[in-house]
Amino acid sequence: MAELKLKIKAQPPTPIEGEVLTPDNLAGRSVNEILNLETWRGNRRVKLSELFTVEGESASNPSDLHIILEGDLRKVRHIGARMSAGKITINGPVGTFVGFEMSGGTIVVNGDADAFLGMGMSGGVIEVNGNAGDAVGSGYWGTRCGMRGGLIVVKGNVGAELGCWMKDGTIKVGGNADVFAGVRMQGGTIFVAGDAGAKLGAAMTNGKIVVLGNVPNILPSFHIDEIRPNTKVDGDKIQGPFYVFYGDITEGGNGKLFISVGKNPHLKYREAYIL
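Residues numbered from 1 in each chain as written. Predicted model: local features only at pLDDT ≥ 70, side-chain atom pairs only at ≥ 80, totals over all residues. Heavy atoms only, no water.

Caption draft 1: Structural detail: the packing of aromatic side chains. The full count for this structure, using the stated rule, is nine aromatic pairs. An angle of 65° between the planes, with centres 5.9 Å apart, marks the rings of F100 and Y140 as edge-to-face. Taken together, the positions of F100 in the loop between β8 (87-91) and β9 (106-109) and Y140 in the loop between β10 (125-128) and β11 (148-154) put the pair 40 residues apart, joining distant regions of the chain. Cluster of aromatic residues (ring-pair linked, three or more members): F97, F100, F116, Y140 and W141. (Phe/Tyr/Trp six-rings, centres within 6.5 Å; stacked < 30°, edge-to-face > 60°. Helix = DSSP H or I, 4+ residues; strand = E, 2+ residues; numbered from the N terminus.)

Caption draft 2: Geometry of the pattern of salt bridges. For the structure shown, the criterion picks out 12 salt bridges. For the salt bridge of K155 with E127, the shortest nitrogen-to-oxygen distance reads 3.4 Å. Here K155 is found in the loop between β11 and β12 (168-173), whereas its partner E127 is found in strand β10, with 28 residues between them in sequence. For E127, a relative accessible area of 26% puts it in the partly exposed group. R228 serves as the salt-bridge partner of E226, at 2.8 Å between the closest nitrogen and oxygen. Overall, the relative accessible area of 30% leaves R228 in the partly exposed class. (Salt bridge = Lys/Arg side-chain N within 4 Å of Asp/Glu carboxyl O. Buried < 20%, exposed > 50% of the residue type's maximum accessible area, 1.4 Å probe, protein only.)

Caption draft 3: Local environment of a negative patch on the surface. Residues D114, D134, E161 and D178 make up a contiguous surface patch of negative charge. Mapped onto the elements of the fold, D114 is located in the loop between β9 and β10. Judged by its relative accessible area of 37%, D114 falls in the partly exposed class. (Patch = residues over 30% accessible without salt bridge, like charges linked within 9 Å, V, L, I, M, F, W, Y side chains within 5 Å. Areas by Shrake-Rupley, 256 points an atom, 1.4 Å probe, with all protein chains shown as cover. Lys, Arg positive; Asp, Glu negative; His and termini not counted. Charge placed at Lys NZ, Arg CZ, Asp CG, Glu CD.)

Caption draft 4: Examining the environment of N230 more closely. Tracing the backbone through its elements, the reader meets N230 in strand β15 (residues 223-233). With 30 residues separating them along the chain, N230 and S260 place their C-alpha atoms 9.6 Å apart. Here N230 is in contact with K237, I238, Q239, G240 and F242, once residues within four sequence places are set aside. (Contact = heavy atoms within 4.5 Å.)

Caption draft 5: Quick peek at the side chain of E17. Take E17: it is sitting in strand β2 (residues 16-17). Within the structure, E17 has its side chain in polar contact with the side chain of R77 (distance 2.7 Å). Of the polar contacts made by the side chain of E17, one reaches the side chain of H78; its length is 2.8 Å. The residues touching E17, leaving out its near neighbours within four places in the chain, are T39, W40, R77 and H78. (Polar contact = N/O pair within 3.5 Å; in protein donor to acceptor, adjacent residues only side chain to side chain.)

Caption draft 6: Fine view of the pairing of β12. Here β11 runs beside β12; their pairing, made up of five bridges, is parallel. Bridge assignment links V153 to a residue of β12, and that residue is K172. Both β12 and strand β13 (residues 189-192) contribute to a ladder of four bridges, which runs parallel. Looking at the pairing, T170 lines up with T189 of β13. (Pairing = 2+ DSSP bridges.)

Caption draft 7: Up close: the environment of T143. Position of T143 among the secondary structure elements: in the loop between β10 and β11. Spatially, the C-alpha atom of T143 lies 9.7 Å from that of G120, the residues being 23 residues apart in sequence. Separated by 2.6 Å, the side chain of T143 and the backbone oxygen of Y140 make a polar contact.

Structure representation (structure tokens):
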């Protein structure tokens, strides 16, 4: 796989649009052609040569290209937007909308990612070896369709509204998730290895959320169904036992919450309602 390394020259004072930074856009171009590509810095069009140094070589096909981005990229947004193939590795913190509406390929972030990671994605893999902000795998404002496929793995913590309006695919979180995880979820699977905040699965209509840690409570619009010894996430067996709730009843939903029994003794009173 051919490698292109782009290193940001300095932390910019205004946001940079990074939509151009995908294997789909850079494949088949020489280094000079890439340096002359334009993007937005704030409200001004600039060439990539003003923002990045570029080394390496491109490939003729996006699937054969690996883009490596170096430096503090917190002001750069939309990296990997709508990419369909190839690989991007980001060595450092990165801004919002990484992997926006991507349909294939792989993005690896060796640092923290800001909000809206994988928003509206339909395929591919995003792996963050750090924390991520709000609305991971969610839908764009005003839409009712979040992540539709693919896999997002965040090894640290995530912010609020994880998987909002999610329809399919899998999100795995190695740390904790803030409030409203799975809000209005319609399908797919969310796995949280740590704790989850309040309002878990609020207004969800389908899909599955598994939490190994503590939850402050379960909304009264979820009914307890049973206690299971284990469950599966992407074919992997996850050891329980788990309280299984279904809801959100206020939406006529049939989503499932799998909540660790051992980490949530305050939910024991709900066992009396198992039929």
